[in-house]
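The chain contents come next:
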Amino acid sequence: MRTRNSVTTLSQFVANEQAKYPTATGNLSKIFRDIKFAAKLVNRDVNKAGLVDIIGEHGSTNIQGEEVKKLDVIANNEFIWSLSAGGDCCAIISEEEDYVRHLNPDAKYVVAMDPLDGSSNIDVNAAIGTIFSIYKRVTPVGTPATEEDCLQTGENQIAAGYVIYGSSTMLVYTTGSGVNGFTLDMSIGDFCLSHPDMKTPEQGKIYSINEGNFKEFSSGIQKYVDSCKEKRMSARYIGSMVADFHRNLIKGGIFMYPATHSAPKGKLRLMYECNPMAFLTEQAGGKATTGDVRIMEVKPNELHERVPVIMGSAGMVEECLSCL
Ligand code: P6P
C-alpha cells in the first residue's frame, strides 16, 4: 500500500518545477492543468468508445484528406474547450483545425497538438494518444497571435508531451529538464509520477517502420532496414505514433517514417507530431532527425507541414544516418 508521502501527483510535480523559477507567473502550470483535465475527458471517452455510438467515420475529412472519426472531433473540442476556459493560451494549432484557433489575445502561450493521434486504431482497441507542444508567443501580449507566433522552430518549444491511452493512461512530458512520466490512477482521479527521469537506451533491438512502403524508400533507408534484419532485430510497428514511440522510448529502438515516392516529405506533421516527439527524444538522450537535419532545427513554412522522421536510440539513429 503506497503511503501519502510516496505519491507525487502531476499537479504537485508541476508546482515544484515552477518553484525553481522565481519569476514564473504560473501561466505555464495552468496550461498543464488544462491539458491534464482534457486528457482525463478524452481518456473517459476513449474507454467507453465501444459502448457509445461514437466510433466510426464522422463523415468529414480534415486538411490531410483523411476521414475524421468522431473521437478525433470530440478530443479536439475537449482540448480546445479546456484551454479556452483556462485563459492561458492565445492560439491553438491542431491537426483537426485547418487554421489557427485564436483564444485569449492577453495570454502568452501557443499550443500545437494532435488531439487524438493514431485514430485508425480506435476501432480495433489499440493504443492511441494525444501529442502536444507549447511555445511562448513572440508578439506582444494583448494582440491576436500571428503566424510568427505559430510557425516557430522546435528549438523554441517551452514544453512538449503526450498522453497514451493504452493498457494504462500515461502523460509523459518535458520542459527541457528531462522527461517524466505520470500514470493516471482512477481511484484518485489524478496522474501520479511513475516514471521519473526517463532515459532511452543508447542502443536497442527494435525497429519501427511501415515496411509496406519498402519499395518506395530511398536506397539508404532500404539498406538500414536490411541491416536491422541481418542483426535479427525485432520489427514492431502498430501504426500509432504515440504507442510506437512510447515502447521504443522505454525499451530502446528506432522509429522511422521516411520520405517515400508518394509522400516526398514523409507523412508525419512537424508542428504537432515530430517536434514534440523530437524534444522528448533528445531530452531522454536520443536523437531525432529528418535524415538531413535535427528535426527541431526545421523552420516551419505552414501549419500542417510534413517532414521525414528518424528518431530514437542515439546509436541506432547514427547507424541509420551512416546508411543514407
Ligand atoms: P501508416 C496515424 O495515422 C499516424 O499519423 C501516426 O500515428 C502513425 O505513426 C502513422 O500515421 C502510421 O502511418 O502510413 O504507416 O499507416
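Okay, so let's go over this structure.

Scoring rules and cut-offs
- Residues numbered from 1 in each chain as written.
- Predicted model: local features only at pLDDT ≥ 70, side-chain atom pairs only at ≥ 80, totals over all residues.
- Heavy atoms only, no water.
- Salt bridge = Lys/Arg side-chain N within 4 Å of Asp/Glu carboxyl O.
- Buried < 20%, exposed > 50% of the residue type's maximum accessible area, 1.4 Å probe, protein only.
- Helix = DSSP H or I, 4+ residues; strand = E, 2+ residues; numbered from the N terminus.
- Near = heavy atom within 4 Å.
- Polar contact = N/O pair within 3.5 Å; in protein donor to acceptor, adjacent residues only side chain to side chain.
- Areas by Shrake-Rupley, 256 points an atom, 1.4 Å probe, with all protein chains shown as cover.
- Nonpolar A, V, L, I, M, F, W, Y, C, P; charged D, E, K, R; others polar.
- Core = buried A, V, L, I, M, F, W, Y, C linked by side-chain atoms within 4.5 Å.
- Contact = heavy atoms within 4.5 Å.
- Pairing = 2+ DSSP bridges.

Let's shift gears to the pattern of salt bridges. With the rule as written, the count across this model stands at 18 salt bridges. The residue Arg-44 makes a salt bridge to Asp-45 at a minimum N-O spacing of 2.9 Å. Judged by relative accessible area, which is 43%, Arg-44 ranks as partly exposed. On the accessibility criterion, Asp-45 (3% relative accessible area) is buried. Through salt bridges with shared partners, a single network forms among Lys-30, Arg-33, Asp-34 and Asp-88.

All right, on to unusual backbone geometry then. For Asn-125, which is not a glycine, the phi torsion comes out positive at approximately 60°. As for its placement among the helices and strands, Asn-125 is situated in the loop between β5 (109-117) and β6 (128-136). Residue Asn-125 is classed as exposed on the basis of its relative accessible area, which comes to 74%.

The next point concerns the site of the ligand. Asp-117, Gly-118, Asn-210, Tyr-237, Gly-239, Ser-240, Met-241, Phe-255, Tyr-257, Lys-267, Leu-268 and Glu-273 make up every residue found near the ligand. Asn-210 is positioned with one of its side-chain polar atoms (N or O) 2.9 Å from an oxygen atom of the ligand. Between the ligand and the protein, one listed contact pairs an oxygen atom with a side-chain N or O atom of Tyr-257 at 2.6 Å. For the ligand, the protein covers 83% of the area, taking 400 Å² as the surface of the free molecule. A per-class count over the shell around the ligand returns five nonpolar, four polar and three charged.

Turning to the nonpolar core, a few remarks are in order. In terms of nonpolar packing, the biggest core is built from 35 residues, with Leu-116, Ile-134, Tyr-165 and Tyr-173 touching the most fellow members. When residues of this core are assigned to their parent elements, the largest contribution, eight residues, is made by helix α2 (residues 27-47). Ignoring anything within four residues of it in the chain, the contact list for Tyr-165 reads Ala-39, Val-42, Asn-43, Val-46, Phe-79, Leu-116, Ala-127, Ile-128, Gly-129 and Thr-130. If you look at the next biggest cluster of nonpolar residues, it comprises 31 residues, including Ile-164, Met-198, Ala-243 and Val-307.

The two faces of a sheet get side chains in turn, since along a regular strand they alternate between them. Of all nine residues making up β6, eight are buried, and the element is well covered by its neighbours. The pairing of β5 with β6 spans seven bridges and is antiparallel. When the bridges of β6 are listed, Tyr-109 appears paired with Lys-136. For β6 and strand β7 (residues 159-165), the ladder comprises seven bridges, and the chain directions are antiparallel. Residue pairing for β7: Ile-128 is matched across the bridge by Tyr-165.

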